[in-house]
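# Summary of the model geometry
Single-letter residue listing:
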Amino acid sequence: MMFMMNPTAPVTIRKGLSGTASSRRRSGRGTAGPSIVPDLAPCGIMALASGDHPPSTRHNGAPPMNVLITGGAGFIGANFVHQTLVRHPDAKVTVLDKLTYAGNRGSLADLGERVDLVVGDIADADTVDPLVAGADVVVHFAAESHNDNSLRDPSPFIRTNLVGTFTLLEAVRRHKVRFHHISTDEVYGDLELDDPAKFEPTTPYNPSSPYSSSKAGSDLLVRAWVRSFGVEATISNCSNNYGSYQHIEKFIPRQITNLIDGVRPRLYGAGANVRDWIHVRDHNDAVWDIIERGRIGETYLIGADGEKSNREVVELILELMGRDPNDYDHVADRPGHDMRYAIDSTKLVQELGWSPRYTDFRSGLRATIDWYRGNEAWWRPLKAEVEAAYAAQGQ
């Protein structure tokens, strides 16, 4: 079977589907990238293939599962690709990623031919449709996700997070493919620091930035396509992730790489803002649990009861890297900076039996620091540009 593609659409050779598809490759961000030190025991507790999630087996005679992962060259998506190939070693994995600044093919380099990388835009129906047609499940990570960037230019957030999600929904509707949508706790707005409440699946949406508004809109599109068209979809909203392969514009890796370079960390405002931290591996385990056992049309919140203020996180990074915990600078706060996020994952725990395994934040953070120390070739080419952008904003 030959897929008919727009001749201008960026595509790659498909493997593991019925028939063949010949095509041309386009480079996204250079070659396969530097050699990456694998992060198999990110918390010093367990290896990825320790047996907590033994490899699945398909029914006798059943073909391998075809998994399409959007945004699979980004932080959480790349970790999901790695975990998928442990949990489902026979799966045929295709990654659709635009390879913007936040995508890095080096995050997948050690997987070789086990993954097909298609460089393309999720808002391009000619690219999306044939990929969805060959999939058993679509896991949708692709998103513009940096709040600061959304304040400077919201337009990419509208195209990717809204138009892109719409394009995928139309494709899974057409081809009757299972769909899981990755979202954020930021759609709920924020909580007061002294409020005992946490976000629940029924919490009203109250986004406060172009980023969180566009993600809220994408969630509502998924819900509407489930109700109106019978699309088999689930949604998960997760708290702040940390771990390997995270772009260095983000809070934790920026502080780590600054300290590696001998630069004092910078903290927005007083640093009182609280985030509910979860290791990326726990997040992705929950996503697979939802795909495999979750109820169609339901929303599941993923969190690990990891509330820490930004100040606490910076001070712990400094301590773990052998520096004075008070050796950081305060910079002007971000406009509309949400005060506190907190997730109640009771529904996920009670319905699907999920629980976080990486519950020692100190150990997880130490392992994350070690990963960035050991993989300078992965992040070094990005550092000067990231810091120049922050400097232009006085941050």
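Read on for an overview of the structure.

Conventions we followed
- Residues numbered from 1 in each chain as written.
- Predicted model: local features only at pLDDT ≥ 70, side-chain atom pairs only at ≥ 80, totals over all residues.
- Heavy atoms only, no water.
- Helix = DSSP H or I, 4+ residues; strand = E, 2+ residues; numbered from the N terminus.
- Buried < 20%, exposed > 50% of the residue type's maximum accessible area, 1.4 Å probe, protein only.
- Contact = heavy atoms within 4.5 Å.
- Areas by Shrake-Rupley, 256 points an atom, 1.4 Å probe, with all protein chains shown as cover.
- Salt bridge = Lys/Arg side-chain N within 4 Å of Asp/Glu carboxyl O.
- Axes fitted to C-alpha atoms, helices over the stretch in contact; angles between N-to-C directions.
- Parallel < 35°, antiparallel > 145°, perpendicular 65-115°, else oblique.
- Left-handed = near helix turned anticlockwise from the far one by under 90°.
- Nonpolar A, V, L, I, M, F, W, Y, C, P; charged D, E, K, R; others polar.
- Expected span 1.5 Å × (residues − 1).

This part is about the overall build of the chain. The secondary structure content of the chain amounts to eleven helices and 13 strands. Residues classed as buried in the chain amount to 55% of the 395 residues present. For the chain, the proportion of contacts with a sequence separation of at least 24, taken over those separated by at least 6, is 80%. When the accessible area of the chain is evaluated, it comes to approximately 16,200 Å², of which 52% is carbon and sulfur surface.

Here we take up the environment of Ala-102. If you trace the backbone, Ala-102 turns up in the loop between strand S2 (92-97) and strand S3 (115-119). Judged by its relative accessible area of 34%, Ala-102 is partly exposed. For the pair Ala-102 and Gln-246, spaced 144 residues apart in the sequence, the C-alpha separation amounts to 8.7 Å. Excluding residues within four positions of it along the chain, Ala-102 makes contact with Ala-73, Gly-74 and His-247.

With that settled, consider the pattern of salt bridges. Tallied over the entire structure, the rule returns 21 salt bridges. Put simply, Lys-347 and Glu-298 hold a salt bridge, and the shortest N to O gap is 2.5 Å. Residue Lys-347 is located in helix H9 (residues 346-352), and its partner Glu-298 is located in the loop between helix H7 (280-293) and strand S11 (299-302); the two are separated by 49 residues in the primary sequence. Salt bridges here are not isolated pairs; linked through shared partners, they connect Arg-87, Asp-289, Glu-292 and Arg-293.

All right, on to the packing of helix H4 (residues 155-175) against helix H5 (residues 210-229) then. Orientation of H4 relative to H5, taken along the N-to-C sense of each, is 15°, at an axis distance of 8 Å. By the angle class used here, H4 and H5 are roughly parallel. Two packed elements cross with a definite hand, and for H4 against H5 that hand is right-handed. Facing H4, whose interface residues are Phe-157, Ile-158, Asn-161, Leu-162, Thr-165, Phe-166, Leu-169, Glu-170 and Arg-173, H5 presents Tyr-211, Ser-214, Lys-215, Gly-217, Ser-218, Leu-221, Val-222, Trp-225 and Phe-229. Split by residue class, the contact of H4 with H5 holds ten nonpolar, five polar and three charged.

It is worth spelling out H5 at this point. Helix length check: H5, at 20 residues, gives a terminal C-alpha distance of 28 Å against a target of 28 Å (1.5 Å per residue), a fit within 8%. Restricting attention to buried positions, one finds in H5 the residues Tyr-211, Ser-212, Ser-214, Lys-215, Ala-216, Ser-218, Asp-219, Val-222, Trp-225 and Val-226. Check the buried side of H5 and you find it contacts helix H3 (147-152), H4, strand S5 (178-184) and strand S6 (233-238). Directly after H5, the chain includes Gly-230, whose backbone phi takes a positive value near 75°.

Distances and angles like these do not, on their own, reveal function.
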